[in-house]
Amino acid sequence: MNIYEPYFASAIFVAAFALIISEKVHRTKVVALGAALLLVTGIVPLGDAWREYIDFNTLGLLFGMMLIVNITKRTGVFEFVALKIARWSGGSYLKIMVGFCVITAVFSAFLDNVTTVLLIAPITLYIADLMGKSPRSLLISEILVSNIGGTSTLIGDPPNILIGSAVGRGFADFLTNLGPVIVVVLVITIFYNRFAFRGDFVGVTNGHRITGYDEKKAIHDKPLLVKSLVILGLTIVAFMVHELFGLPPAVVALVAAALLAFITKPPVEELLREVEWPTLVFFAGLFVLVGGLQATGVTDALAGLIADSTTSVMVLCLIVLWGSAIFSAFLDNIPFVATMIPLLQGTVAQLGLTPAQADPLWWSLALGACLGGNGTLVGASANVIVAGISERTRDPITFRSYLKVGLPAMLISMVICSVYIYLRYFA
Amino acid sequence: MWGFPTIATLAVLAFVYFCVVTDKLDKAKAAFFGGVLLIAAGVTTLEEAWRYFIDFETIGLLVGMMLIAGVIGQTGVFQFVALRAVRLTRGRYGLLLVALSVITAVASAFLDNVTTILLLGPVAVFAADALHHKPYLLLIALTLAANIGGTATLIGDPPNMLIGSAAGLGFHSFVIHTGPPSILALAVSLGFLFVARRNELRPTGRTISADSFDETKYIRDRPTLAVSLTVLGLVLAGFVVLPAFGATPAAVALVGAGVLMLVNRAKPRELLGHVEWPLIFFFLGLFVITGALEKVGLIVVVGRFFASLTPSPFWFCIAILWVSSFGAAFLSAVPFITVMIPITAAAVAHLGLGPLAAEPIWWALSLGACIGGNGTLIGSACNMAMSAISERTPEPVNFRSYFRLGFPAMVLAQLVSSLYLWLRYFAFQ
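Trainee: Please explain empty space enclosed by the protein as it appears in this structure.
Mentor: Rolling a probe over the atoms, with the probe sized like a water molecule, indicates the empty space that remains. According to the stated counting rule, one finds 3 cavities of 30 Å³ or more in the structure shown. Counted as a void, the largest cavity has a volume near 1,000 Å³. Forming the walls of the largest cavity are 44 residues, and the residues nearest its centre are A:Trp50, A:Leu59, A:Ala284, B:Trp50 and B:Ile59. Tallied by class, residues from the lining of the largest cavity come to 38 nonpolar, 6 polar and no charged.

See the structure below:
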């Protein structure tokens, strides 16, 4: 390896990052070309890229979850649940908000946030329209809780998938470490929504109009729905106990996806077409770009810097927490987390921390990167998607109107997380 | 050796072949599910499968070339060339058959065979209809040409990609070694068609009027055509030149695809749509199953048995040629070759042949699997694509009607290939 390679790899990485942020070029194209350059110059040999740097666990898990979601989406089960909630609310706006927030958070914990909001948003618009209210407050609340819910499990948000795979933490680990604080954050956030949107709770609501229709019409294919739910249920159980059998989560997801694919009628070409290939290619390319930094020793050098300047692990945790949150609020958290992981791994190694001592660092990264996405309208993909949907309504969500609600909510959640991390891991 | 892992792996393999041959269940699902099942059952692990079983060279080469070829195919250049040929031959059916076959063979050497057939098949149907001929003969000729053309280069046919990756043979090696016999095979196959169906191919005096079609309207996007052909040219040059710097064909193809993705205006989703993901997943599953077969020790046993059957490398070579011809014809080339390669490698090792001495065996395998795909309708994916196209015509090609022409053509071609192998690699050594 010659002395120019670290600079070249860093230059490619920074340029790619800048292009992604500028949004002038599609991010998949950017990383594809960047990775290709690293491949052809030999900085990252193809064999190493495949074997070492591309995280097949993440790709497999993402792919498996995409298939599972695509198949169960066709059954209409999500619409069914949302409409059931609407019926339960009996026309009370508070109950609608709480109900939709809870199911958005729960769905988001098991599906990716974008799919969750894509499923919830149309129903939200419909219900709000029936009640004669602007959907904005409901949509913003759903954005907030989708990011929160997604933080609580391994599969809920891509940063968690990346972290879990890299440091070998399973589904149960995420649930037991992040679950408690997420529940608290969720409850506080719902209260906060009630406060922030108090204006919507006055005035007449046409509550009676909601209870008047049949949510069963949302179900397109009942036998398929039952079969899918059974497999989904088994999948969740399998996720919880996968470590007992030594099976990586990706295998659980792939087996579940394969089972579902076999019992469903849509042909494999259609299913495979609906998979987010650009996203998977983006991840693969990103791994190669970060791999370039690892192969040339850049990440080790940076990790050394961090290790040398660390006074206590707790302070480092808090820096990682708040730093990730701020970064994630404005920029895409996936490249950020993908880069932070080898960095922190290097830091942990150089500080000589045991896995148990290093744990809080990873949980801080997860909390910060995922919850930070609530800070601004561009903080997470789910936010952007909902903003796009709301643009078609009479009362679209603007950057500023979101900021007024989202940023305080995110900061509150960060304070709660800081206290939690201190109390749980250092007190 | 005959414990649970072996039985499980053999069962999965049999299931996949069953799906391939009978087309009852989708083969990509079968192979992929089979592979996942083997991982879940503990026969192998995800890590082992990813790191050692899955041939990323082949996958990378496939993905890269599919993307580039897809963009080129979309520009309409192939339809243009084919229709230009129709115009130039002025409807003489025999001449048209040869011209279209040659175009198909050349296209198929650089694109995958299925895309070639999908692009040129409709042109053939159109031309046949205009001349009041039944299209089946033309379609079969194109299919034969597609498989043979694909034999000539590293990137022409998935079996060659697999062989190239396994044996470390590069683009130029294939052209030099499998190129000439491909030309011979094409001549022999077409010659057979002319003899067997000489009545149909006699000139009838019917022509296609020059105004009944306009091939220039097929080229819809000249800039993209120019760019994508340039990228293809650079990639081909890269295949020849860059291995000296340590870059593998897959890396070159992926870089080419990356560049094309960047300069092409289309969104990544559209560009990635050119990749035939079912085939990729079919391969992933097959790799895992084959890896499991190696892990349980079956491959080595079969390979050694094979090697012990034949008295000399020459006869082993011929045996490989004919076994893979029939294997490809009746079990379909891709699933057959995926298992055949490690068996061949084991046999080669058992015979104690060095890389140079082993080369003729790999060429025999390539000729056998690729040209063997001409033998029956299920022999190769492009045959099935042709069958699908022919379904829309009044007299669709079925297994029997294809077999009557394809199988003899394949056998004749392989006789010539056997002679070629003997003359080139063994007669004067």
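Okay, back to it.
Trainee: Which parts of the structure should I look at to understand the packing of aromatic side chains?
Mentor: Aromatic ring pairs are defined here through the distance separating the ring centres and the angle between the ring planes. In the structure shown here, the tally under the stated rule is 31 aromatic pairs over all chains. Here the aromatic rings of B:Phe32 and B:Phe281 are separated by 5.0 Å at their centres, their planes lie at 80°, and the arrangement is edge-to-face. You can see B:Phe32 sitting in helix 2 (residues 27–40) and its partner B:Phe281 sitting in helix 15 (residues 277–295), a full 249 residues away along the chain. Here B:Phe32 and B:Phe281 have matching classes, each one buried. Seen from the ring of A:Tyr93, A:Lys133 lies directly overhead, with NZ or CZ sitting 5.5 Å from the centre.

Trainee: Would you mind showing me how to read helix 3 (residues 46–53) of chain B here?
Mentor: Along an α-helix, a turn takes 3.6 residues, which lines up residues three or four apart on a common side. Within the span of helix 3 of chain B, buried status applies to B:Leu46, B:Ala49, B:Trp50 and B:Phe53. The buried residues of helix 3 of chain B all sit within an arc of 125° when viewed along its axis, so they share a single face. Where helix 3 of chain B is buried, its residues contact helix 3 (46–53), helix 4 (56–73) and helix 12 (249–263) of chain A together with helix 2 and helix 15 of chain B.

Trainee: Honestly, the environment of A:Ala250 in this entry has me stumped. Any pointers?
Mentor: Residue and element names in this part refer to chain A. Structurally, the position occupied by Ala 250 is in helix 12. Note on Ala 250: relative accessible area 1%, which makes it buried. Note: C-alpha distance between Ala 250 and Ile 161 (89 residues apart in sequence) is 9.7 Å.

Trainee: Any chance you could explain the interface of chain A and chain B here in plain terms?
Mentor: Many descriptions give the size of an interface as the accessible area lost when the pieces come together. Each side of the interface is counted separately: chain A has 37 residues, and chain B has 37 residues. Both sides together, the interface formed by chain A and chain B hides about 3,500 Å², and carbon and sulfur atoms give 82% of it. Three residues, A:Lys29, A:Trp50 and A:Phe262, lead the burial of chain A against chain B; their summed loss comes to 23% of the area buried on that side. Seen at the junction of chain A and chain B, the total is 1 salt bridge. Across the salt bridge formed by B:Arg269 and A:Glu276, the nearest N and O atoms sit 3.2 Å from each other.

Parameters at a glance
- Residues numbered from 1 in each chain as written.
- Chains lettered and ligands numbered in written order.
- Predicted model: local features only at pLDDT ≥ 70, side-chain atom pairs only at ≥ 80, totals over all residues.
- Heavy atoms only, no water.
- 1 Å grid on protein atoms, 1.4 Å probe; cavity = no way out; pocket = protein on both sides within 12 Å on 5 of 7 lines; lining within 4 Å.
- Points joined across faces, edges and corners; volume = space filled by probe spheres on them.
- Nonpolar A, V, L, I, M, F, W, Y, C, P; charged D, E, K, R; others polar.
- Phe/Tyr/Trp six-rings, centres within 6.5 Å; stacked < 30°, edge-to-face > 60°.
- Helix = DSSP H or I, 4+ residues; strand = E, 2+ residues; numbered from the N terminus.
- Buried < 20%, exposed > 50% of the residue type's maximum accessible area, 1.4 Å probe, protein only.
- Lys NZ or Arg CZ within 6 Å of the ring centre and 35° of its normal.
- Arc of directions from axis to C-beta.
- Contact = heavy atoms within 4.5 Å.
- Buried area = accessible area lost by both parts, 1.4 Å probe.
- Salt bridge = Lys/Arg side-chain N within 4 Å of Asp/Glu carboxyl O.

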